[in-house]
Amino acid sequence: MFPCDKCGECCRNVYKVQQLKHLALPNGICKHLDQETNLCKIYHQRPLHCNIDAYYDIFIKGTLSIEDFYALNLKCCKELKKGILNK
């Protein structure tokens, strides 16, 4: 399972993902993020792009190891936290 620390940065930058722009409020934050708890209000029905493990199983498995996929996602996570990942 992906080691998410629930910081909410991916949800605060949802506007940067073309496939998820429809979820963004005018400020770029996902409309489903509870900004007080940093938790998704629709976690069990969240979009596939928000479910790292399911996304891997459907689109990536067989082309990249799960460890490498996690590493790429963690790199993006760290860049979001540092404000490096911009559009």
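Calculation notes
For every chain, the first residue of its written sequence is number 1, and the numbers climb from 1 along that sequence. Per-residue local features of the predicted model are confined to residues with pLDDT of at least 70, and side-chain atom pairs are confined, for both listing and counting, to 80 or more; whole-chain, interface and lining totals are unaffected and use all residues. The basis for every side-chain value is the complete set of non-hydrogen atoms in the structure, without hydrogens or water. Any residue with an atom within 4 Å of a point lines the site, the site being either a cavity, points on a 1 Å grid over the protein atoms alone where a 1.4 Å probe fits but cannot get out, or a pocket, an open set with protein on both sides within 12 Å along at least 5 of 7 lines. Grid points are joined across faces, edges and corners, and a volume is the space filled by probe spheres set on the points. Runs of H or I in DSSP of at least four residues are treated as helices and runs of E of at least two as strands, each being numbered from the N terminus. Gly is placed with the polar residues, together with every amino acid not listed as nonpolar (Ala, Val, Leu, Ile, Met, Phe, Trp, Tyr, Cys and Pro) or charged (Asp, Glu, Lys and Arg). Only Phe, Tyr and Trp rings are paired, with Trp represented by its six-membered ring, and only when their centres lie within 6.5 Å; those with planes under 30 degrees apart are stacked, over 60 edge-to-face, the remainder tilted. To sort residues, take the accessible area from a 1.4 Å probe on protein chains only and compare it with the maximum for the residue type: under 20% means buried, over 50% means exposed, and anything in between is partly exposed. Throughout, the arc means the angular range of directions from the helix axis out to the C-beta atoms. Should any heavy atoms of two residues lie within 4.5 Å, those residues are considered in contact.

Draft legend 1. The layout of surface pockets, seen in detail. Volume-wise, the largest pocket comes out at about 1300 Å³. Lining the largest pocket are 42 residues; nearest its centre among them are Phe 2, Cys 10, His 49, Cys 50 and Ile 52. Those elements that place two or more of their residues in the lining of the largest pocket are helix H1 (9-12), strand E2 (39-40), helix H2 (52-60) and helix H3 (66-82). When residues of the lining of the largest pocket are assigned to their parent elements, the largest contribution, six residues, is made by H3. Partitioning the lining of the largest pocket into residue classes produces 27 nonpolar, eight polar and seven charged.

Draft legend 2. Geometry of the packing of aromatic side chains. Applying the stated criterion across every chain, the model contains four aromatic pairs. Pairing Phe 2 with Tyr 70 gives two aromatic rings, centres 5.5 Å apart and planes at 65°, and the pair type is edge-to-face. Placement of Phe 2 in the segment before H1 and of Tyr 70 in helix H3 is noted, with a sequence separation of 68 residues between them. The same class applies to Phe 2 as to Tyr 70, namely buried. Their ring planes at 45° and their centres at 4.8 Å tell us that Tyr 55 and Phe 59 sit as a pair that is tilted. Pair noted here: Tyr 55 and Phe 59 are both in helix H2, with a separation of four residues, about one helical turn. What makes Tyr 55 partly exposed here is its relative accessible area of 22%. One aromatic cluster is present, formed by Tyr 55, Tyr 56, Phe 59 and Phe 69 through successive ring pairs.

Draft legend 3. Quick look at H2. Within the sequence span of H2, burial applies to Ile 52, Tyr 56 and Ile 60. The buried residues of H2 all sit within an arc of 45° when viewed along its axis, so they share a single face. Against the buried residues of H2 lie H3. Looking one or two residues past H2, Gly 62 carries a phi angle of roughly 95°, positive in sign.

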